[in-house]
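The primary structure of each chain is shown beneath.
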Amino acid sequence: MSDSALASEGAAKNGGTAEYDYLIKFLALGDSGVGKTSFLYQYTDGTFNNKFISTVGIDFREKRIIHRLPTTDGTMGRTQRVHLQLWDTAGQERFRSLTTAFFRDAMGFILMFDLTSEQSFLNIRNWLVQLQTHAYCENPDIVLCGNKADLDEQRSVPDERIRELAEKHGLPYFETSAATGLNVMKAVDCLLDQVMLRMEKSIDKAHLLGARNGQKVTESDLEDSEGKSSCAC
Amino acid sequence: MSVTKMPWETLGEQFVTQYYQIFDTNREQLVALYHPTAMFTFEEHKAQGQDQIKDILTNKLRFSLIQHIVTKIDCQPTPENGVIILVTGRLKTDNDPPHAYSQLFYIKPANDSFFLFHDIFRLSIHDTV
């Protein structure tokens, strides 16, 4: 999927009556038992409003937020109303079974391991391969989370190895705790910043392309044309 | 549609009941139902013979609790006195939502008893909604 198609998915919801500007879908990935569900539960303020789509085995929660685009010059960025969908597995990774639907429609990935389980950290490499194969592009936006930071005495993954992995793949890394809430907001916000920046860039690019063709491009034109993207996804 | 159950149907249902009873309570004992040459497909895992099958059942499946709820059992007899069984059901692992699944068994007599010769399992989850 191209960057512009990615942007259109969010912008397509930006109709006159929609109460939000962007619909953003994040997917939590990682071995079973690392705390994905608890993490998302913590992020959505402990609400039980999850919805389950049994045909594809996706469990998701939703949250409305106001996102302010980060700027480099310290000025206030533009604000956008974001409807965030947080996708979770329904446990099928226990059977080593995840269908491609799971990866394909997500715009950002919360890749999680358990700081107390070395195996879950080793498997991060496998998850990255899966991601690169099935996600909308080869370098999707990912945030790496080492969860269960509250279980300090049971830690079994050395910091150095985590840093190495994060640097090698260019992933922002957070130590998180779904139990105490440590860095849960920060990690999701970080991913949202990345995804929103990617969208801004692709929309800007589309504007430039439109201008080059000598046409005046309005916001609605842009959404229309992107909505009709030929992307097969 | 016949009202009376055919003998292979009764046999199939008894087998399925026993299989899931053991699967849900004492998974490592399940291997006793398989013939030494049995073939086993469980999602992406493939195995033949009791040792390989036992390894998958006890070491490769990452859940502690499982509960099968059978919806339908369909059976057909085979010329070698075996029974082909198709199970349509749902299962629940630990605290996860229930998943639909299909499982196919082939049981056949050997040494005065029925053994499992083929077992194919697949979760009913799809690539599109």
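Residues numbered from 1 in each chain as written. Chains lettered and ligands numbered in written order. Predicted model: local features only at pLDDT ≥ 70, side-chain atom pairs only at ≥ 80, totals over all residues. Heavy atoms only, no water.

Chemist: Account for the interface of chain A and chain B, with residues named and values stated.
Modeler: Interfaces are often sized by the accessible area lost when the parts come together. The partner chain B presents 24 residues to the 20 residues of chain A that form the contact. A combined buried area of about 1,800 Å² lies between chain A and chain B, and 56% of that area is made up of carbon and sulfur atoms. Summed over the three residues of chain A that lose the most area to chain B, namely R94, F95 and R96 of chain A, the buried surface amounts to 40% of that side. In this structure, R94 of chain A and D96 of chain B form a salt bridge, with 2.6 Å as the shortest nitrogen-oxygen distance. Inspection of the region where chain A meets chain B yields eight residue pairs in polar contact (both at pLDDT 80 or more). Secondary structure elements with two or more residues in the side of chain A that touches chain B: strand 2 (51–53) and helix 3 (101–104) of chain A. A breakdown of the residues in the side of chain A that touches chain B according to their chemical character gives six nonpolar, nine polar and five charged. (Contact = heavy atoms within 4.5 Å. Buried area = accessible area lost by both parts, 1.4 Å probe. Salt bridge = Lys/Arg side-chain N within 4 Å of Asp/Glu carboxyl O. Polar contact = N/O pair within 3.5 Å; in protein donor to acceptor, adjacent residues only side chain to side chain. Helix = DSSP H or I, 4+ residues; strand = E, 2+ residues; numbered from the N terminus. Nonpolar A, V, L, I, M, F, W, Y, C, P; charged D, E, K, R; others polar.)

Chemist: Just give me the short version of the packing of aromatic side chains, but keep the residues and values in it.
Modeler: For the structure shown, the criterion picks out 17 aromatic pairs over all chains. Measuring from ring centre to ring centre gives 5.8 Å for F95 of chain A and F42 of chain B, while their planes differ by 15 degrees; the resulting arrangement is stacked. Here F95 of chain A, found in the loop between strand 4 (79–89) and helix 3, pairs with F42 of chain B, found in strand 1 (residues 34–42), and the two come from separate chains. Among the residues examined, F42 of chain B registers a relative accessible area of 2% and is labelled buried. The structure contains a cluster of three or more aromatic residues connected by ring pairs, namely F95 of chain A together with F15, Y19, Y20, F23, Y34, F40, F42, F63, Y101, F105 and F121 of chain B. The ring of Y43 of chain A carries K63 of chain A above its face, with NZ or CZ at 4.3 Å from the centroid. Lying across the ring of F117 of chain B, K108 of chain B places its NZ or CZ 4.4 Å from the centre. (Phe/Tyr/Trp six-rings, centres within 6.5 Å; stacked < 30°, edge-to-face > 60°. Buried < 20%, exposed > 50% of the residue type's maximum accessible area, 1.4 Å probe, protein only. Lys NZ or Arg CZ within 6 Å of the ring centre and 35° of its normal.)

Chemist: Please give an account of helix 2 (residues 36–43) of chain A that cites residues and values.
Modeler: Residues and elements named next belong to chain A. Residues of helix 2 that are buried: K36, F39, L40 and Y43. With its buried residues spanning 95 degrees around the axis, helix 2 presents them on a single face. Directly beyond the C-terminal end of helix 2, a positive phi value near 60 degrees is found at D45. (Arc of directions from axis to C-beta.)

Chemist: I'd like a rundown of the pattern of salt bridges, residues and numbers included.
Modeler: All names here are of chain A. The final tally for this structure, using the stated rule, is 21 salt bridges over all chains. The closest approach of N and O atoms between R161 and E118, which form a salt bridge, is 2.9 Å. Taken together, the residues R161 in helix 6 (residues 159–169) and E118 in helix 4 (residues 118–122) connect sequence positions 43 residues apart. For R161, a relative accessible area of 30% corresponds to the partly exposed category.

Chemist: Explain the sheet that holds strand 6 (residues 141–147) of chain A to me, using residue names and the numbers behind them.
Modeler: All names here are of chain A. If you walk across this open sheet you meet the seven strands as 2-3-4-1-5-6-7, and the pairing is mixed. Strand pairing shows two members of the sheet lacking a second neighbour, strand 2 and strand 7 (173–175), which therefore form its edges. Pairs of neighbouring strands in the sheet enclose a mean axial angle of 30 degrees, with direction left out of account. Here three bridges tie strand 2 to strand 3 (residues 58–68), and the two strands are oriented antiparallel to one another. (Pairing = 2+ DSSP bridges. Axes fitted to C-alpha atoms, helices over the stretch in contact; angles between N-to-C directions.)

Chemist: Tell me about helix 2 (residues 50–60) of chain B, and please be specific about residues and values.
Modeler: All names here are of chain B. Among the residues of helix 2, those classed as buried are I53, I56 and L57. Viewed end-on, helix 2 has its buried residues packed into an arc of 90 degrees, placing them on one side of the element. Turned more than 90 degrees away from the buried face of helix 2 sit D51 and N59, all of them exposed. As for helix 2, its buried residues are in contact with helix 1 (7–25), strand 1 and strand 2 (45–48).

Chemist: Account for the nonpolar core, with residues named and values stated.
Modeler: Counting residues in each nonpolar core, the largest one holds 32 residues, and the members touching the most others are F15, Y19, F23, Y34, F40, I85 and F105 of chain B. Secondary structure elements with two or more residues in this core: helix 1, strand 1, helix 2, strand 3 (66–77), strand 4 (83–93), strand 5 (99–110) and strand 6 (113–123) of chain B. The greatest single-element share of this core, amounting to six residues, is contributed by helix 1 of chain B. With sequence-adjacent residues up to four places away left out, F15 of chain B is seen in contact with L33, I85, F105, I107 and L116 of chain B. Counting residues in each nonpolar core, the second largest holds 30 residues, with F26, V143, A187 and I203 of chain A among its members. (Core = buried A, V, L, I, M, F, W, Y, C linked by side-chain atoms within 4.5 Å.)

Chemist: For the environment of P70 of chain A, give the residues involved together with the corresponding values.
Modeler: Within the secondary structure, P70 of chain A sits in the loop between strand 3 and strand 4. Leave out the neighbours within four places in its chain, and P70 of chain A touches D193 and L197 of chain A.

Chemist: Just give me the short version of the sheet that holds strand 1 of chain B, but keep the residues and values in it.
Modeler: Residue and element names in this part refer to chain B. Ordered in space as 2-1-6-5-4-3, the six strands form an open sheet in which the pairing is mixed. Looking at the sheet topology across the chains shown, the edges are occupied by strand 2 and strand 3. Averaged over all pairs of adjacent strands, the angle between their axes in this sheet comes to 20 degrees, without regard to strand direction. Contacts between helix 2 and the sheet are confined to strand 1 and strand 2, with strand 1 contributing the most and set at about 45 degrees to the helix.

Chemist: Hey, could you go over the environment of A28 of chain A for me, with residue numbers and the actual values?
Modeler: Residue and element names in this part refer to chain A. Looking at the element boundaries, A28 is found in strand 1 (residues 22–29). Distance in space between the C-alpha atoms of A28 and L40 is 8.2 Å, their sequence separation being 12 residues. Apart from residues no more than four positions distant in its own chain, A28 is found in contact with K36, L40, W87 and I110.

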